[in-house]
Structure formats: structure tokens, C-alpha cells
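Each chain, written out:
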Amino acid sequence: MQEKSENQKMEKYGRQISHPGFDVEKQARLKNSTVLVAGIGGLGGAAVWGLASAGIGKLILVHAGNLDAQDLNRQTLMTHEWVGRPRVEKAKETIQNFNPDIDVEIFDFWINEQNFFGLFHQHRVDFVIDARHNFEERRFINEICIKKNVPFSEAAMNGMEGYLFSVNPRKTACLHCQYPEDPPLWNPFTFPVFGAVSSTIGSMAALQAIKFLSGYHEDIFGVMTSIDFTDMGSRQYRLKQDKKCPVCGGLK
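Quick summary incoming for the structure in this document. (Residues numbered from 1 in each chain as written. Predicted model: local features only at pLDDT ≥ 70, side-chain atom pairs only at ≥ 80, totals over all residues. Heavy atoms only, no water.)

### Digging into the packing of aromatic side chains
Argument step 1. Using the criterion set out here, one finds seven aromatic pairs in the structure.
Argument step 2. Seen from their ring centres, Phe127 and Phe212 are 5.8 Å apart, and the 45° between their planes marks the pair as tilted. Remark: Phe212 occurs in helix α9 (residues 195-214) and Phe127 occurs in strand β4 (residues 127-130); sequence separation between them is 85 residues.
Argument step 3. Of the residues examined, Phe127 reaches a relative accessible area of 0% and is grouped as buried.
Argument step 4. Arg85 extends its terminal NZ or CZ atom over the ring of Trp82, reaching a point 3.7 Å from the ring centre. (Phe/Tyr/Trp six-rings, centres within 6.5 Å; stacked < 30°, edge-to-face > 60°. Helix = DSSP H or I, 4+ residues; strand = E, 2+ residues; numbered from the N terminus. Buried < 20%, exposed > 50% of the residue type's maximum accessible area, 1.4 Å probe, protein only. Lys NZ or Arg CZ within 6 Å of the ring centre and 35° of its normal.)

Structure, rendered in C-alpha cells:
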């Protein structure tokens, strides 16, 4: 089969390149960027889809475990016949069938300090989307991204509520600044999930990465966006960095 030319590869992104201020140069910057998505469930799966449709160059997907039937109300990269099999494998297959020009690396493990730190030694990472469902893994991601000076977005949801903010390491509030303690009684396996809520927030996280990495709009940091989808009420507020934060405050 004849190899596609770069112009042919760019053609599929013509509708976004036509947007004022988003040109071929910005599209090329996306093509040369790598995003690590931690968690490819309802949130992360939507983020992955958004990044793949925009023409990101490389995706690194991290998610542990096999697909369960109850995951299918939100995990759009999955299919029913894949129940009982590793989710990251199906995610890679889905994305490469959708956009074969994207390089996809997958890792099937629960995130800890050692293995997540190791990913930054194996790969160049330009941006991270944190879509994990538990605070233990989120804190590892927060700490390592700050140590490695890699910008990242925190995407989260619970029932009809969604939250999103992005962190510029050492410059804007990190996860620990905002949540120094885990929420009481939080159970990562039993909170309510609507697929439309998680996919909306995941898509918003993808847009943050796209805007920043392309250079279209790089001022994405330090603001929390929260949405209550019950009445579609939304608000934004600026996050204050804790100068005494043990994670980011002393790393000037």
C-alpha cells in the first residue's frame, strides 16, 4: 500500500485548521506532541478520542485491569465482546482503527510512584491528563508531573457534577494545594457515573491539551471549572497556590 503524503495526512484535519487562529503550523505542533492519559474509562476514553480526532502525534495510555460489563455505560473505546479482556489493548485497537497515523503505547498497571516515574524515562511526555478514579493514584501523578515539570489537567466527575483544572508545575496550584486531604468516605468503585457527564468533562480535558500543545491558547492554567449538569450551572474560579505546599510550594 502506498504511503500517504504529509498533505494527505493533514487533509483530515482541514475543518479544524480552517478555524481562525488555528493553522497548519499549529496542527504540526500537535503532530509532534505526546500526551499521557492516566485512566481510559469514561473520562479518559473521551479525552483519548478527542486527542486522536485532533491529530495528536503520540498517546501513552495507562489503565489497569479487564473490562467489566458495568463499564460499558461510559467507556466508549470499548465493545461488548471485549468484556473480561484488558481495556488498554482494546483502546489501542480502537484508536488505531480510527486514526492509524497516531502512535499508541499502552501500559496495564495501577499507578505508583516507581512505575509512573519510569514512564518519563522511557518516553518524552509533553502533557498529562489525569482521569483516575482514586486519590492515591492522582497524588502520584501530581507529584511526578511537578518533579518532571510536565503540565497536566485534572479531570473528575461524580454523578451529575464535573470538575476540571490544569496545572503549570511550580507556577499554579497543584492537586495538593486544592485538596490536601482525601475526601472522607470516598469509594472509587461505587460513586455514580453518567456516561454523558464523563464524556463531556473528558472532551474538555482533551481541548485543554490541544489548545496548549498547538499554541492556539496556552493560558489554560490555575482556573477550576465546575459544572452541575442537573441544571447546567457552571462556574469558574481561580485557584490559589499554597506557597507552603509540600509538593509544589517549595520547588521554586
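### What about unusual backbone geometry?
Argument step 1. The residue Asn149 is not glycine, and still its phi comes out positive at about 60°.
Argument step 2. Here Asn149 is to be found in the loop between α7 (135-148) and β5 (152-158).
Argument step 3. Accessibility expressed as a relative area gives 45% for Asn149, which makes it partly exposed.
Argument step 4. For Arg170, which is not glycine, the phi dihedral falls at a positive 75°.
Argument step 5. Among the secondary structure elements, Arg170 is positioned in the loop between β6 (161-167) and α8 (175-178).

### What about the pattern of salt bridges?
Argument step 1. For the structure on display, the rule yields twelve salt bridges.
Argument step 2. A salt bridge links Glu113 to Lys147, with the nearest nitrogen and oxygen atoms 3.6 Å apart. Of this pair, Glu113 sits in helix α6 (residues 113-122) while Lys147 sits in helix α7, placing them 34 residues apart in sequence.
Argument step 3. Residue classification places Glu113 among the partly exposed residues on the basis of a relative accessible area of 31%.
Argument step 4. By relative accessible area, Lys147 is classed as partly exposed at 48%.
Argument step 5. For Arg138, the salt bridge goes to Glu154, with nearest N and O atoms at 2.6 Å. Of the two residues, Arg138 is situated in helix α7 and Glu154 in strand β5; the sequence distance between them amounts to 16 residues. Neither Arg138 nor Glu154 differs from the other in exposure class; each is buried. (Salt bridge = Lys/Arg side-chain N within 4 Å of Asp/Glu carboxyl O.)

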